[in-house]
Amino acid sequence: MDEHQVAIAEGLITLDADEPRLIGSRCPACGAFTFPAQEGCPSCTVMGMEPVQLSRTGTIWTWTSQEFLPPSPPYSGPETAETFAPYYVGFVELEGELRIESRLVGFGDEPPHIGQRVEAVLVRFRADEEGRDVMTYAFAPIEESARD
Amino acid sequence: MTDVAIIGVGLHPFGRFPGKSAIAMGAEATRAALGDAGVQWGDVQFAFGGSYEVDNPDAVVNQLGLTGIPFTDVYNGCATAASAISLAVQTIELGAYDIGVAVGMDKHPVGAFSADPVQYSLPSWYGELGFFLTPKFFAMKIQRYMYDHGISHQTLAAVAAKAYRNGARNPNAFRRSPLSIEQIAESRMVNDPLTQFMFCSPDEGAAAIVLCRAGIAHRYTSTPIYLRSSVVRTRRFGAFEVHTPSFPLERGDAPTTDASKAAYERAGVGPEDVDVIQLQDTDAGAEVIHLAENGFCQDGEQERLIAEGATEIDGPLPVNTDGGLLANGEPIGASGLRQVYELVQQLRGTAGDRQVPGSPKVGYAQLYGAPGTAGVTIVSR
């Protein structure tokens with residue numbers, strides 16, 4: 001792990017540059033998944049959900065573009081009205097698990113499309129007060145050559 | 001159970017009113033509703049008041065009169081007004097009182113709603129990363145719906161064009177200038193596929209209704225409108241909702257669908273009986289989806305129905321005859337009471353330029369919003 005990096009929240013992602021994993025939870029009673037991890041199960045209502053590392057790869061279930069600077073607070077990104085560039089957001093379906101909301105990065109001129117294969121990546125979001133990189137998760141298209 | 005009737009309705013226009021407080025608008029709307037019913041504030045035995053921005057909507061009593069009645073304030077997201085109505089109905093149904101008021105008022109700053117995600121039971125990083133925004137949720141919901149059910153961009157623009165056209169016929173609407181399908185489709189992209197004119201704006205306004213035990217309604221009016229059901233529901237596991245970092249693979253019914261089914265059952269009517277419809281059109285896509293979620297068509301039929309003009313004032317499924325949220329904006333506490341105000345005008349036959357032909361008998365109003373709350377109200381002559 002890089003000493004100059006810190007996750008945007010504890011227990012959210014593993015800071016593994018090559019194979020970052022998102023941390024969710026699974027209910028031992030009914031099998032339901034959540035992201036992020038939580039204790040109470042939203043499906044069967046019992047306590048005791050267990051943390052679980054989620055799949056790194058999935059498919060885009062839906063997407064949109066964010067074309068205005070989100071109001072701050074709560075947004076804490078480094079952009080100003082002058083430097084803001086639109087970005088993509090979507091829900092990624094992790095097979096057999098759940099669908100999670102994420103930024104979608106690494107798209108060129110072509111917007112994302114539903115069904116597109118993507119993988120979890122670590123991205124630098126901003127710097128913290130101590131100059132460290134605040135890291136978060138995103139999903140990026142899987143390169144053609146790396147595809148199954 | 002006791003039946004409930006609406007005997008008076010009042011509205012403060014929706015829009016922007018610099019220097020005027022939400023409370024003042026709420027008091028005006030209440031006075032208008034009392035005048036419409038022919039009753040005095042002193043005759044009112046209880047009230048419910050809804051608002052997002054105003055902590056104490058009951059402060060309208062400073063302007064209406066300090067009569068000591070129980071006056072309860074409610075806030076329930078975009079379903080705030082439906083909550084005020086359903087609580088007022090239940091109060092009469094329980095036999096506690098005979099005559100009461102439901103009033104809603106708001107005065108929002110310009111721009112998308114913003115709040116602390118932690119207050120919505122969400123982690124703070126969700127807000128820090130820019131996920132805590134409602135417009136992009138609505139965009140993602142309709143994006144998937146268009147993919148699954150073959151809805152076109154043209155249909156989204158047509159829904160908004162209809163809203164502004166109806167708003168132009170409504171003297172109380174915020175946006176009263178018709179816009180062409182091209183102007184709407186080519187306006188600034190906000191969240192793909194939704195453009196600027198496909199979204200409603202938070203704004204200002206107030207609306208109120210006077211309700212009474214149905215047995216005494218004829219003392220006040222020759223045209224009571226009966227409140228057949230008013231139901232509020234929250235999301236169940238599996239619904240795809242505003243402000244959710246994740247949701248399960250197995251998709252369940254939306255809270256609107258749950259509220260709708262319960263409201264039809266309680267009212268003893270079905271979607272085929274409804275003559276005039278008010279739907280939550282936070283964005284043009286929401287109106288499309290809500291047509292199906294409320295039972296007015298099958299998923300995907302909207303593409304043909306909207307092209308045929310079915311949802312126009314003179315169509316078989318008139319939707320948002322007063323311009324809906326798109327033309328009126330959304331002062332949260334008042335929005336659902338505006339819907340009922342319009343339904344009452346339509347059922348009384350007093351909707352003027354926007355009157356649905358054929359003497360409509362049954363009206364339907366639906367609200368939906370963060371964090372997954374829906375309200376449905378059914379009224380009839």
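Let us look at the structure shown here.

**Notes on the overall build of chain A**
Looking only at helices and strands, one finds 0 helices and 9 strands in chain A. Here the C-alpha radius of gyration of chain A, 16 Å, is about what a compact globule of 148 residues would show, namely 15 Å. Once the C-alpha set of chain A is aligned to its principal axes, its extents read approximately 50 × 40 × 30 Å. Of all 148 residues assigned to chain A, the portion counted as buried reaches 35%. Sequence-distant contacts in chain A: of pairs separated by 6 or more residues, those separated by 24 or more amount to 51%.

**A closer look at the pairing of strand β8 (residues 225-234) of chain B**
All names here are of chain B. The element β8 is largely enclosed, with a buried count of 8 among its 10 residues. In this sheet, β8 lies alongside strand β1 (residues 4-15) in antiparallel orientation, the contact comprising 2 bridges. Across the sheet, Ile6 pairs through a bridge with Ile225, a residue of β8.

**Here's the deal with helix α1 (residues 22-37) of chain B**
Residues and elements named next belong to chain B. Between its first and last C-alpha, α1 extends 22 Å over 16 residues, near the 22 Å set by a 1.5 Å rise per residue. Burial of α1 is extensive: 12 of the 16 residues sit out of reach of the surface. The set of residues buried in α1 consists of Ala22, Ile23, Met25, Gly26, Ala27, Glu28, Ala29, Thr30, Ala33, Leu34, Asp36 and Ala37. For α1, the secondary structure elements touched by its buried residues are β1, β2 (46-50), α2 (61-64), β4 (99-107) and β7 (204-213). Two residues or fewer past α1, Gly38 is found with a positive phi of approximately 75 degrees.

**Considerations on the sheet that holds strand β3 (residues 33-34) of chain A**
Pairing between the strands of a sheet is mediated by backbone hydrogen bonds and can be parallel or antiparallel. Residues and elements named next belong to chain A. Spatial strand order, β3-β2-β4: 3 strands in an open sheet with antiparallel pairing. Single-partner strands in this sheet number two, and they are β3 and β4 (50-53). As judged from the 4 bridges shared by strand β2 (residues 23-26) and β4, these two strands associate in the antiparallel manner. Paired with Ser25 across the bridge in β4 is Pro51.

**Digging into the interface of chain A and chain B**
In this assembly, 37 residues from chain A lie in contact with 30 residues from chain B. At the level of elements, β3, β5 (57-66), β6 (87-94) and β7 (98-104) of chain A are the ones that each hand at least two residues to the side of chain A that touches chain B. Grouping the constituent residues of the side of chain A that touches chain B by class yields 23 nonpolar, 10 polar and 4 charged. Examined bridge by bridge, β7(A) and strand β9 (residues 246-248) of chain B share 3 bridges and lie antiparallel to one another. Within β9(B), the residue paired with Ile100(A) across the bridge is Ser246(B).

**A look at the sheet that holds β1(B)**
Residue and element names in this part refer to chain B. Here we have 9 strands laid out as an open sheet, ordered β3-β2-β4-β7-β1-β8-β12-β11-β10, and mixed in their pairing. One side of each edge strand has no neighbouring strand; the edge strands of this open sheet are β3 (71-74) and β10 (276-278). Going across the sheet, the axis of each strand differs from the next one's by a mean of 20 degrees, ignoring polarity. When β4 meets β7, the two strands line up antiparallel, connected through 9 bridges. Following the sheet pairing, Lys107 is matched in β7 by Glu204.

**A closer look at helix α3 (residues 80-93) of chain B**
Residue and element names in this part refer to chain B. With 14 residues, α3 extends 20 Å between its outermost C-alpha atoms, agreeing within 8% with the 20 Å of an ideal straight helix rising 1.5 Å per residue. Among the residues of α3, Thr80, Ala81, Ala82, Ser83, Ala84, Ile85, Ser86, Ala88, Val89, Thr91 and Ile92 are the ones counted as buried. At the exit of α3 stands Gly95, carrying a positive phi of roughly 85 degrees.

**Comments concerning the nonpolar core**
Ranked by size, the top nonpolar core spans 155 residues in total, and within it Ile6(B), Ala102(B), Ala160(B), Ala208(B), Ile209(B), Leu211(B) and Val340(B) carry the most contacts. Those residues in contact with Ile209(B), other than ones at most four positions away along the chain, are Ile6(B), Gly8(B), Val9(B), Ala33(B), Ala102(B), Leu337(B) and Val340(B).

Conventions we followed
Residues numbered from 1 in each chain as written. Chains lettered and ligands numbered in written order. Predicted model: local features only at pLDDT ≥ 70, side-chain atom pairs only at ≥ 80, totals over all residues. Helix = DSSP H or I, 4+ residues; strand = E, 2+ residues; numbered from the N terminus. Rg over C-alpha atoms; globule rule 2.2 N^0.38 Å. Buried ≥ 20, exposed ≤ 12 C-beta atoms within 10 Å, placed from the backbone. Contact = placed C-beta atoms within 7 Å. Pairing = 2+ DSSP bridges. Expected span 1.5 Å × (residues − 1). Nonpolar A, V, L, I, M, F, W, Y, C, P; charged D, E, K, R; others polar. Axes fitted to C-alpha atoms, helices over the stretch in contact; angles between N-to-C directions. Core = buried A, V, L, I, M, F, W, Y, C linked by C-beta atoms within 7 Å.

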